[in-house]
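Residue-level structure breakdown
What follows is each chain in one-letter form.
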Amino acid sequence: MRKVQYISSCIMNSYLDQLARDCYAEISQIVTYSFCEGVWLPDDYLEVKDAIDNFEIRDDDTWVSGFFKTGTTWTEEMVWCTGNDLDFERATEKLDLRFPLLEGSHALRSRCLSRRFNNPIFGRTIEEIAALPSPRFICTHLPYHLLPKALQQPNRKAKIVHVIRNPKDTCISAYHFFRRIDGFRGSFEDFLPCTPFWEHLVGFYKYKGSDNILILKYEDMKKNLPAIIQKVAAFLGKSFSDDQVSILAEHLSFNKMKENKAVSYEKTGNLDLDKLWGKEISTSSSTSSHMRKGEVDQWKSEMSQEIIESFNDWTDKKRKLYPELESDFGSY
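Residues numbered from 1 in each chain as written. Predicted model: local features only at pLDDT ≥ 70, side-chain atom pairs only at ≥ 80, totals over all residues. Heavy atoms only, no water.

**Some points on the overall build of the chain**
- Per the secondary structure count, the chain includes 18 helices and six strands.
- Burial statistics for the chain: of 332 residues in total, 54% are counted as buried.
- Looking at the chain alone, contacts between residues at least 24 apart form 74% of all its contacts between residues at least 6 apart. (Helix = DSSP H or I, 4+ residues; strand = E, 2+ residues; numbered from the N terminus. Buried < 20%, exposed > 50% of the residue type's maximum accessible area, 1.4 Å probe, protein only. Contact = heavy atoms within 4.5 Å.)

**Things to note about the pattern of salt bridges**
- The full count for this structure, using the stated rule, is 10 salt bridges.
- We note a salt bridge from Arg90 to Asp87, for which the minimum N-O separation is 3.9 Å.
- Assessed through its relative accessible area of 46%, Arg90 is described here as partly exposed.
- Asp87 sits in the partly exposed class, given a relative accessible area of 24%.
- Salt bridges sharing common partners tie together Glu37, Lys49 and Asp53. (Salt bridge = Lys/Arg side-chain N within 4 Å of Asp/Glu carboxyl O.)

**Here we look at empty space enclosed by the protein**
- By the definition in use, this model includes three cavities of 30 Å³ or more.
- Taken as a whole, the second largest cavity encloses approximately 50 Å³ of empty space.
- Surrounding the second largest cavity, Phe67, Thr70, His162, Val163, Ile164, Arg165, Phe197, His200 and Leu201 form its lining.
- Of all the secondary-structure elements, those providing two or more residues to the lining of the second largest cavity are strand E5 (159–164) and helix H9 (197–205).
- Per-class residue counts for the lining of the second largest cavity are five nonpolar, three polar and one charged. (1 Å grid on protein atoms, 1.4 Å probe; cavity = no way out; pocket = protein on both sides within 12 Å on 5 of 7 lines; lining within 4 Å. Points joined across faces, edges and corners; volume = space filled by probe spheres on them. Nonpolar A, V, L, I, M, F, W, Y, C, P; charged D, E, K, R; others polar.)

**What about H9?**
- Along H9, eight of the nine residues are buried, which leaves the element largely enclosed by surrounding structure.
- Buried within H9 we find Phe197, Trp198, His200, Leu201, Val202, Gly203, Phe204 and Tyr205.

**Things to note about the packing of H9 against helix H17 (residues 305–321)**
- Orientation of H9 relative to H17, taken along the N-to-C sense of each, is 35°, at an axis distance of 10 Å. H17 is crossed by H9, and the crossing has right-handed handedness. Two secondary-structure elements touch here, H9 through Phe197, Trp198 and Glu199 and H17 through Trp314, Thr315 and Lys318.
- The class makeup of the residues in the contact of H9 with H17 is three nonpolar, one polar and two charged. (Axes fitted to C-alpha atoms, helices over the stretch in contact; angles between N-to-C directions. Left-handed = near helix turned anticlockwise from the far one by under 90°.)

**Structural notes on unusual backbone geometry**
- For the peptide bond that leads from Ser134 to Pro135, omega is -5°, which places it in the cis range.
- Within the fold, Pro135 resides in the loop between helix H7 (126–130) and strand E4 (137–140).
- Despite not being glycine, Lys69 has its phi angle at roughly 70°, a positive value.
- Looking at the element boundaries, Lys69 is found in the loop between strand E3 (62–66) and helix H3 (72–83).
- Judged by relative accessible area, which is 14%, Lys69 ranks as buried.
- In this structure, Leu86 takes a positive phi of about 60° despite not being glycine.
- The exposure class assigned to Leu86 is buried, which follows from its relative accessible area of 13%.

**Here's the deal with the environment of Tyr332**
- Examined against the element boundaries, Tyr332 turns out to sit in the segment after helix H18 (326–329).
- C-alpha separation for the pair Tyr332 and Phe311, spaced 21 residues apart in sequence, amounts to 9.6 Å.
- Among all residues touching Tyr332, those that are not within four sequence positions of it are Ile164, Arg165, Asn166, Pro167, Lys168, Trp198, Lys217, Glu219, Thr315 and Arg319.

**Overview of the confidence of the model for the chain**
- Confidence in the prediction of the chain, expressed as mean pLDDT, is 79, and 72% of residues score 70 or more.
- The low-confidence segment residues 1–11, where pLDDT is below 50, has 25 contacts with residues more than four positions distant or belonging to other chains.
- Note that residues 109–121 has pLDDT below 50 and, in this model, 39 contacts with residues that lie over four places away or in other chains. (pLDDT = per-residue confidence, 0-100.)

**Describing the sheet that holds E3**
- Overall, parallel pairing links the four strands, which are arranged E4-E3-E5-E6 in an open sheet. At either margin of the open sheet sits one strand with a lone partner, and together these are E4 and strand E6 (213–217). Averaged over all pairs of adjacent strands, the angle between strand axes in this sheet comes to 20°, irrespective of strand direction.
- Pairing analysis gives five bridges linking E5 to E6, with the strands arranged parallel. Across the sheet, residue Val161 finds its bridge partner in E6, namely Leu214. (Pairing = 2+ DSSP bridges.)

Structure, rendered in structure tokens:
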């Protein structure tokens, strides 16, 4: 078992390099990392950092942010449909075009699948996002301090919807995603947390209550989606009838989302991932699309007691370090 709960920055790069060599399918090309302002990011990010830092923000922009695999796709579809007055006809366009990932378009084009097959996979370039007509809807997984500088200004009018999720379920979802998308072939034990999950959360949480940032919990969305829809609508200055909320809630149900080809990618570009990585990896991840189970508390059935205890220890230390999170996130 590979122990990686706490790992110093001085050995992280060698660890990531070794993990890639040990745990990725042979077709993958090694992705190298750099330590950038407290975060380990693929080297490709450095090529677009200036463009992101200086990205021009508009007053009517709406952003969805969240740590990787916390429910951002679900949130994006909810926010886009709400902000566009339930225009389900336009919502048939691919979500990554309607709600592009700011830093992802370049990174995904430069990663192993694109390099090998010269295949643009997802989304738009940063230049294309900048040129989109208003109102723009943009997603990001970046921590708050790496957002465009103008978006960090306290007097901005652009709005951010930030979604969080139990870190155990987040890790499980990420593990299966990387098996599906990147051909990761290591065990779940190889995928123990070595990322700044709580630091990412704190960066946004300190602005909770401001007029221009709304923080949502994935678990609350699962528990009472209509109530969250109403909260998002009010945040975006929209008003829906109960019938309209019910229609949107049905559109956002897990089964509908998984069947919706605009948001659930059974194929990546022109690549059939089952054929690319082989059935052994693809089927073992229990997913045939971008979405897998969409359940709360998956960790209870998928984590060993040893891993659960390691996660709890890690979480307890972070909660003590950031006591302002205790009231809302003590259950994590």
